[in-house]
Every structure is written in structure tokens, then in C-alpha cells.
Amino acid sequence: MISDQVNYVSNIAQILSKRVQGDILFDRFSRGRYATDASFYQMMPLGVLCPKSEDDISAAIDIAREQGVPILARGGGTSQCGQTVNEALVLDNTLYFNDLLELDVENMRCVVRPGIVLDELNRALKPHGFWFPVDVSTASRATIGGMTANNSCGGKSLRYGMMRDNVLSIDAFMADGSKHNFGPGNVDQSDLYKALSADLLALGAREAAEIDARFPNVMRRVGGYNIDALVPDAAPNNMAHLLVGSEGTLAYSSAIELRLSPLISGKAVGVCHFPTFYQAMDAAQHLVTLMPQGVELVDSTMIALARDIPMFRKTIENFVTGDPEALLLVEFIEEDSANNAVKLRKLEEMMGDLGFSWSGTGKQWGGATSVTDPVLQNQIAELRKSGLNIMMSMKTDGKPVSFVEDCAVELPDLAEYTSGLTDIFEKHGTKGTWYAHASVGCLHVRPVLNLRLDKDVKTMRAVAEECFDLVARYKGSHSGEHGDGLVRSEFHEKMFGPRMVANFAEVKKRFDPAGLFNPGKIVSPPKMDDRRLFRYGPDYAVPDMHTELDWSEWTGSGGGFQGAVEMCNNNGACRKLKGGVMCPSFRVTRKEKDLTRGRANTLRLAISGQLGADAFASDEMADTMKLCVSCKGCKSECPTGVDMARMKIEVLSARARKNGLSLHDRLVGFLPRYAVWASRIPFLMNLRDQIPGLAGLSEKLTGFTAKRALPHWSATPFKDSELEDSPAPQAVLFVDSFNRYFEPENLRAAIRVLQTAGVSLDVVKAADGDRPLCCGRTFLSVGLVDKAKEEGQRLVEALLPYAEKGLPIIGLEPSCLLTLRDEIPALLPGKETTLIAKHAFMFEEFIANQSADPSFNLPLKSPSSKIVLHGHCHQKAMNVMSSVEKVLAMLPDTTVQKVESSCCGMAGAFGYGIDTHEISLQMGEMDLLPAVRAADSDAIIVADGTSCRHQIADNTDRKSLHVARLLDMALKQDV
């Protein structure tokens, strides 16, 4: 039986390969990466096609129809109700089918391919003064095709409406292979289209009274099909609006025409604080009378969770007053920005009229604070948009589950509805987390459940039944934003009645009689609690496994490794293409495989046995991890804290145990060991890049590309004896291998700077007097965890006496010093490494921390009027960049420009690999290298990372400096 299925799938792949130009992905690892979305469901697709053209899509539909294979159109894969999973041929539009086809500035419209991401579209529109205003929280990865299929809404729907209000027309393929333009009137004059249009309008006329009686009278109604667009008084009848919200079940969109809106700059945010959740919900109906563009809820649970997430902690401190049970973020954006201040004053007055005062107590405490700083406004907006992911950051087995998440009721009913729903949760022994769109009566609420447990699945079912009864009682919508999918389609009869469900089935049959497009959604759905469709189904289990690092912060097999992997909820934040660091490999390839989410899904499937025996240490897993540069961007930027750099170490370790190491890996891993000897013959070690042809000869033997020069061994490596031990040291310097043997001038500069400032220093030395100390990072990079532990233990023993005295441990190389805060506590958990981590500081951090101390005197002049700053990935991930900027701000008469870049691309040995060199260059070319080339000729380029400096030197005509060298240059010599 399994063999027949394999042959069937293989046959489809072969047929596709002869007729399409796009990427065909039918291996089990690729299929697994497309088996989930942001819901709790999992359905293994038959295969994946990334189409390059309409011809590819047309051919795929024809082949699917001929072979009896369902088709599933997919964008960012962030659907929360299971819309984008199916046992089907998945067509991923994001890789190639993502163009802006037409921009009509005069008429404020554009035409796009379905795979274009909202943020990318808005970046293209901004120079023309426009944007597409359906401002969903997933804008960094949500595609226009997915938003159209889902009838997305966003936080500003109060002003701009939903997708349906902003989609003008759609070009789409039908199941029979024909292509039509769906829009107002009969734009397409084909007989087939005219017959279809006539049939649909007849259905609308016939069912007008039923539609009027059964469709909820709320703005946020995205359940079922939009057949209200077909009734006689919905002139002009726009056939495209029937496709909007159809979840890919009726036709396959190939081009979408959008209405654009003018950009309005200058907004103001009022943060309304409430002592109880009920009072906040009751106040929403009054606040909207001030005509804001949005009113968003943040509850106390979200505030508490956000405080525990490094990227949001400071934001919470900056805009939350006291200890509110709920906040309402009221956003104004008036054409005349002066009117924003007027609106804020009226908001404060209204809060007072509602009985709230900062001097009040109990239920009378509260009020509104104003936020006019654009930076803080953006930070608050990012926090609000990350609401779902903040809620999902819980590290317990139970997680907030989406199934009654976005019901919508009229605003006067909102307080009573939320109170009733809270009672339902309490009745079933759980509680909900709340956030989002109070302005339109659509709150995101997720009860905390563990869907691995049958009892919690039963609870979910009971809560859903009672919740939807409550929604019906208030004449609301059971789906106010996230659509139907597998979660809610089953409940259409409860919400709309049997006659309307029959109408939906009639529409589906008229478009797609054979059920080719995304079957099981909206019409003829399975039970929402069918555990065979769950990501964690009844047979899901992870056997005990050997792991090397400390994962005790999480639960499950491998000492918690399972729980850490399962933290990925497929939200897709790692798919962003601008801003922050993660995920640099995806930004180059745009492939799901090269993405934090894709890797996490692959790990989960592998450790649970769903990808075959020994999948964890397989070649396919190695290929999955190959382009992960361990930048740690995900550690700080993934809202659920997926740390892929740490997880990669476990994979590398498993493979090293299974396969041993190549010569290339040995040369990388054992660098600190042989460096002691190599540094004595630097002239010989450097010959590889001095004798023509030698690099090419060594390439095959060593695995280091001949296209790039290797680091230059210094003729004067740093010796610990260069700095005499101080009788009363105020700090200790950790000398890393890279600066010691390749760029010792950085260490010498750092010592001069610190001594000039009056800091007495020791250099930390091995307690046994043996070879120089090392952090063990090179061993970790090739999976030799035992060797890394040896090095880590030596370093800990040497540093502990200093840490116990409370002395700062200072280092220059980000990837090495910050290992003391990150990897070493995971390698050697205990109070000793925790203490050392607490006292470990980057060179610039130490200076920034001392700058307020009057005894710390660092006399500086300006070495240049312009500095261009690039941050190492680990500096960004560990929140060190602000210290670099603070130190550079100490330079008089100097302008600092920070490069908004992801990973430079070198990432240690990654940039030197034969098969990763080109990707390394592409990463550098995304942001960093163009910015360096564009810098003024008299600007100094600052980059603290060894790898970063090499990438700049190898690919531009500029050199860059460590900040220690810069400060050394800036020292006033006459002091």
C-alpha cells in the first residue's frame, strides 16, 4: 500500500517535471515542511511546486485534474485555522510568483501576483505616496494572495475596511483550466463566464431574504462565502468579492487588482489604562466615537509575557503605567497632524468622563497617556502586532490554542460577550489570553490547552460549541478575521443555518464540481477535533534522545530539547525580508528549507520519527541546516524564542558521532589547538594565498574556496606576558584566538584605551599554564561538543576567581566573549557559569557602563567626522549594539551612521566553504557591502566582528576597524 502511494506521488512528480519550469519538491523532508501552518493541524502534502509563471499554474491544474489530485495555493503559510494544509499538490507562490505587475498612480490602483508580501508591496508603493492599508500584523510575511483568500482585516479596518473593500478585480483559473477576469460587471465576455455570472446572480436574487436574515450585521464577518455580493442591491455586483475569503476553494488567483490609499504621516497614540478587563471592553464603544483609525487591546497576560521577552521588555517599561488589567491603544492619524493633539485631549477627557483618574483607586483608577514619539509608537506597534506570538511564548506544555479566537460582536455587546466567554473558560478549567481589535468588536482570545491530551481536546470541543452558541445569541460572527479552514467550517450550520450551508455547497459545485481546489474547507469539512489531522496526533511521540546542551528550560524528550523545538508555532516571523537579522539565508534563497521555521519543522518531524529512521543525523537534515549561519537572530527576534543556532549544535554533534569529521571540519574545529604552533611559522601558513595556484590546489584537499583569501596569520601574535598582572586588577581581559593570532593590534589597542582610562587589567590565563584559553566556539561549529566542554571548563576555572570577586570579564570578539553568556552556560550549567555570564562584557559594553563614573576618564578627540557602524549578529542578538552606539557617541564632532543589515555573510568558516561561498557573498550584498561602498571616502567603517571585517575587506575597497582601534586612534596624546 505504501509502495503504491510512493509510486503514485513519484509519477505525478515526473509528469510535472516535463511540463513546468518551477521548482518541484517531492522528497519527504520538503513535503514535511509544508505540512503545517500556524494552526494546530498537520496534513502531509503529496508534493510541492513553486511555479514561475501562469503557464506553470495552468499546467499544474491540468495535471491535477487529469490525475485526480487536489490543488492547494499557498502564500506565507501563516493561516491559523488550517486553510493552508491539505493532502494535495501545494503551489507555493512566494518564491517566484510575486511581482508588482502594474501601478496606476493616477487612479490609485495596482495589480500584483498573489505571492507578493504586503511589506514588500508597501515598500514599492511608498515612493509614490501610497500604501495598501489592510494592515495585518503578519505584514512582513503575509502575501496578497493569502490575504485575499482569507479576507484579511488588520488593525486599521475601522477606517480602511477589509480585503473585500480593497480588492477591485481578480484574474483566476477555474478548475476546468479556463482563465477569467472576475470583477464588477461582465469584463470577461466569454460564454462560460457569462453563464457562471448569470447563475450566481440568480442565486443571489433567490436567496436575498435568507442572506439578509442569516448574515451577521457586523463588519468583521469572514465566515462562509461572500454570497451577499450577489444580491440585487449589492450594485455593482463584483464577482471578485465572491473569491475574496474563499480560501482557495473556488479558483486559483493569478493576478489581483487592488485599491490603494494615500499615505498619511504623523500619528498619535493614546494608551488607555483600565483597572478591570470588563471596563476596558465596555469603554470601547465610547472611544470609537472619537473616530480613531484603530483601538487595540493589550491585556495583563500579554503585558506579563512581553516583560519576559528581551525584545519587548523595554517597550513595556516605556509606555505602561502601574499595573493595569487591560490597555486600549487608541491610534489617531489626521490629515492635519495638529488635530492629533486635539484628539488626544478629547481622549483624556473621555476617560475622565467614564470615571477614571490617575488619583483614583480600585475601579476608578486609570486614564490615558499620550505617545507622540514615532520611535516608541513603532515599538508599541511591533509589540501589538506580535500579540499572538507573545502569547505563544509560554514554555509550558499547554499553549494558547486558536479555535474561537476571532469571533466578532457589536461593540455594545462586547463587555457582556467577553464576560460570558470568560465564564465558559472557567467552567472548563482553563483561561483565555486576550488581545487585538477592540474597535470592531473582534478580540483574539485563546484558551490555554494541551492538545496532546485527549481530555483537553474534548475541552476544546465543548468550549467551541458553547462559544459559538454565545456568539449566535449576540447575532455575531463566529469568524471575524482568520477565516474558516478546518477549525470553523464545521460550525457553519450552527451560525448560518442549513439553507445557507446548502447555498455555499451550490457555489462550490458551480465553480469546482470535482473538488479540485483545497477540499474540506468551507464546504464538506471534517470534524474540527479529528486528531488524525492534528500536528500532535494520537500517535505523536518523541522517544528519549541524547542531547549535549542544557534544555531544562523546556519540557519533553532530550532533557527539554523536544519542547524547545516545538516552540515554533509556524507564525512565520522569520520570513521577513527587511529589518533585524533573521533569517539571512532565507533572505537570499527565499526557500522554506532555509528558514528558521522550516528547520524547526524538520527537526520536529525528525525527532518524532515522521521522516524515517535516523532522520536527525541524516544527510537531508544536514542539508536543512547547511545555510544556517548561527547568527542567533532567531534567539532574539523569534517571538517564541526558537534558538536555531543552539539546535544546530545538536544536529552537528549527532552527525559527528555518526560520521566523524572531514579534514575541512578538523581544520576549522581544532584551530585553537594548532594555532599555537602555526603562529610560530606565519610565513609558511600564509603561503597558500601568496603563491599563484596554491589556493586552487588546496581547495579540493581542505574544502576552503580558492576564491577567497584565508585569514592572515600575524607575525607578532599577542602574548599574555605583554600585560603584567596587576596587584589589584579592576577587570580581566579574555584574549580570544582570532584576535590573538590574526589581529593582535586590536588587543593592544584595547589595553591602551583601558589603561588610559585608569583601568588596571589582568589577562586571564590557563590555570595549568598550558596553551592559551579558548571559548570552544570552533569546536561547537563542527559538532565536537566534548572538546568544546573541555575548553569551556578550562576557561571557567580560569575566570571563576575573577567573577567571584565581582570583576568584569572583558572581551573583543563578539562570537567568543558572548559564548560566556550563551553557549557555555548551556554546555556546563551551574552557578559558576551563571556567575561568569553575569560578569562577561564586550569591550564597548564595559566602557559604556563606566561612562557615568567620574573616575573613569577617557579623553577623546574625533578621528573622523563620519563613522559607518556595522553590528555583528551576536551583538544584535544579545542586545549589545546600544553600547557600541553609546561609546561612539562619546566622540566629539562625529556623526555615526548605523548600517541596517542582517548577517554580513561570513559567519566564521561559512564564507570560506566551497559550497557556501556564493551564498555568503549574496548575504553581504543584501545590505552591508552596498552600504560600505556608498560610504563617504573619509568615513571610518567600524565592525567588531572578525568575520565582518573580512567580508568588507574581501569585497569592497575599504577596510574596517574594531571599535578598540578606533578609540585608540581617538585618544588625546597630550593627556
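Residues numbered from 1 in each chain as written. Predicted model: local features only at pLDDT ≥ 70, side-chain atom pairs only at ≥ 80, totals over all residues. Heavy atoms only, no water.

A. Expanded view of the pattern of salt bridges. Overall, the coordinates contain 69 salt bridges when judged by the stated rule. With a shortest N-O distance of 2.6 Å, Arg 446 and Glu 405 are connected by a salt bridge. Separated by 41 residues along the polypeptide, Arg 446 in strand S18 (residues 442-449) and Glu 405 in the loop between strand S16 (399-400) and helix H17 (414-427) bring together distant segments of the chain. Assigned by exposure class, Arg 446 and Glu 405 land together as buried. Lys 707 serves as the salt-bridge partner of Glu 918, at 3.7 Å between the closest nitrogen and oxygen. Of this pair, Glu 918 sits in helix H42 (residues 917-926) while Lys 707 sits in the loop between helix H31 (694-702) and strand S19 (731-734), and the two are 211 residues apart along the sequence. (Salt bridge = Lys/Arg side-chain N within 4 Å of Asp/Glu carboxyl O. Helix = DSSP H or I, 4+ residues; strand = E, 2+ residues; numbered from the N terminus. Buried < 20%, exposed > 50% of the residue type's maximum accessible area, 1.4 Å probe, protein only.)

B. Region of the structure containing a nonpolar patch on the surface. Nonpolar side chains collect at one region of the surface, where Ile 681, Phe 683, Leu 684 and Met 685 lie side by side and expose about 370 Å² of accessible area between them. Tracing the backbone through its elements, the reader meets Leu 684 in helix H30 (residues 682-685). Relative accessible area serves as the criterion here: at 46%, Leu 684 is assigned to the partly exposed category. (Patch = residues over 30% accessible without salt bridge, like charges linked within 9 Å, V, L, I, M, F, W, Y side chains within 5 Å. Areas by Shrake-Rupley, 256 points an atom, 1.4 Å probe, with all protein chains shown as cover.)

C. Molecular detail of the sheet that holds strand S25 (residues 940-943). Across the sheet, four strands lie side by side as S24-S23-S25-S26; this open sheet has parallel pairing. Bordering the open sheet on either side are strand S24 (895-898) and strand S26 (960-961), each of which pairs with just one other strand. Of the strand pairs in this sheet, strand S23 (residues 866-870) and S24 are connected by four bridges, and their pairing is parallel. Bridge assignment links Lys 866 to a residue of S24, and that residue is Thr 895. Set on the sheet, helix H41 (residues 881-888) makes contact with S23 and S24; between it and S23 the angle comes to about 170°. Packing of helix H44 (residues 946-955) onto the sheet brings it into contact with S23, S25 and S26, and relative to S25 it is tilted by some 145°. (Pairing = 2+ DSSP bridges. Contact = heavy atoms within 4.5 Å. Axes fitted to C-alpha atoms, helices over the stretch in contact; angles between N-to-C directions.)

D. Examining the nonpolar core more closely. Grouped together as the largest cluster of nonpolar side chains are 108 residues, with contacts concentrated most on Phe 132, Ile 144, Ile 227 and Phe 403. Element by element, the count of residues in this core is highest for helix H18 (residues 454-473), at eight residues. Ranked by size, the runner-up nonpolar core spans 93 residues in total, among them Tyr 540, Met 625, Leu 818 and Ala 840. (Core = buried A, V, L, I, M, F, W, Y, C linked by side-chain atoms within 4.5 Å.)

E. Structural context of the packing of H17 against H18. The interhelical angle for the contact between H17 and H18, taken along N-to-C directions, is 160°, at an axis separation of 10 Å. One element, H17, and the other, H18, form an angle in the roughly antiparallel class. Taken as a pair, H17 and H18 cross one another with a handedness that is right-handed. Contacts from Tyr 417, Gly 420, Leu 421, Ile 424, Phe 425 and Lys 427 in H17 reach Val 463, Glu 466, Cys 467, Leu 470 and Val 471 in H18. Residues belonging to the contact of H17 with H18 are distributed by class as follows: eight nonpolar, one polar and two charged. (Parallel < 35°, antiparallel > 145°, perpendicular 65-115°, else oblique. Left-handed = near helix turned anticlockwise from the far one by under 90°. Nonpolar A, V, L, I, M, F, W, Y, C, P; charged D, E, K, R; others polar.)

F. Geometry of the sheet that holds strand S8 (residues 167-173). Reading across the sheet, the five strands line up as S5-S6-S10-S8-S9 and stay open at both edges, with antiparallel pairing between neighbours. Each end of this open sheet is capped by a strand with a single partner; those strands are strand S5 (100-104) and strand S9 (179-182). With direction set aside, neighbouring strand axes in the sheet form an average angle of 10°. As paired elements, S8 and S9 share four bridges and run antiparallel to each other. Each residue of the ladder has a partner; that of Phe 173, found in S9, is Lys 179.

G. A look at the side chain of Asn 571. With respect to the secondary-structure elements, Asn 571 resides in the loop between helix H22 (561-565) and helix H23 (584-589). A polar side-chain atom of Asn 571 sits 2.6 Å from a polar atom in the side chain of Asn 569. One polar contact links the side chain of Asn 571 to the main-chain amide nitrogen of Ala 573, over a distance of 2.8 Å. (Polar contact = N/O pair within 3.5 Å; in protein donor to acceptor, adjacent residues only side chain to side chain.)

H. Molecular detail of the pairing of S18. The element S18 is largely enclosed, with a buried count of seven among its eight residues. Across two bridges, S16 lies against S18 in antiparallel orientation. Within S18, the position partnered with Lys 399 by the bridge is Leu 449.

I. Summary view of the packing of aromatic side chains. Tallied over the entire structure, the rule returns 21 aromatic pairs. Centre to centre, the rings of Trp 551 and Phe 561 are 5.1 Å apart; their planes meet at 70°, and the pair counts as edge-to-face. Of this pair, Trp 551 sits in the loop between helix H21 (498-511) and H22 while Phe 561 is found in helix H22, placing the two residues ten residues apart along the sequence. Using a relative accessible area of 2% as the deciding quantity, one classes Trp 551 as buried. Assessed through its relative accessible area of 0%, Phe 561 is described here as buried. When the ring centre of Tyr 536 is taken as origin, the NZ or CZ atom of Arg 452, which lies over that ring, is 3.9 Å away. (Phe/Tyr/Trp six-rings, centres within 6.5 Å; stacked < 30°, edge-to-face > 60°. Lys NZ or Arg CZ within 6 Å of the ring centre and 35° of its normal.)

J. Structural view of helix H3 (residues 54-67). Look at H3: 20 Å from first C-alpha to last across 14 residues, which is about the 20 Å you get at 1.5 Å a residue. Burial in H3 covers these residues: Glu 54, Asp 56, Ile 57, Ala 59, Ala 60, Ile 61, Asp 62, Ile 63 and Ala 64. Measuring from the backbone nitrogen of Asp 55 back to the side-chain oxygen at the start of H3 gives 3.3 Å, which picks out Ser 53 as the cap. With its phi angle positive at about 70°, Gly 68 sits one or two positions after the end of H3. (Expected span 1.5 Å × (residues − 1).)

K. Spatial organisation of the state of the cysteines. The tally for this structure, following the rule as stated, stands at zero disulfides. Cys 904 takes part in no disulfide bond, and the closest cysteine sulfur, belonging to Cys 948, lies 3.9 Å away. For Cys 904, a relative accessible area of 3% translates into the label buried. (Disulfide = S-S within 2.5 Å.)

L. Spotlight on the side chain of His 962. Turning to its location among the elements, His 962 is positioned in the loop between S26 and helix H45 (963-970). A distance of 2.9 Å separates the side chain of His 962 from the backbone nitrogen of Ala 964, its partner in a polar contact. Among all residues touching His 962, those that are not within four sequence positions of it are Asn 746, Leu 812, Phe 843, Ala 943, Asp 944 and Arg 949.

M. A look at helix H8 (residues 191-206). With 16 residues, H8 extends 22 Å from end C-alpha to end C-alpha; this agrees with the ideal 22 Å at 1.5 Å per step. Buried within H8 are the following residues: Tyr 193, Leu 196, Ser 197, Leu 200, Leu 203 and Gly 204. Viewed end-on, H8 has its buried residues packed into an arc of 125°, placing them on one side of the element. On its buried face, H8 is in contact with S9, helix H9 (208-214), helix H10 (240-243) and H21. (Arc of directions from axis to C-beta.)

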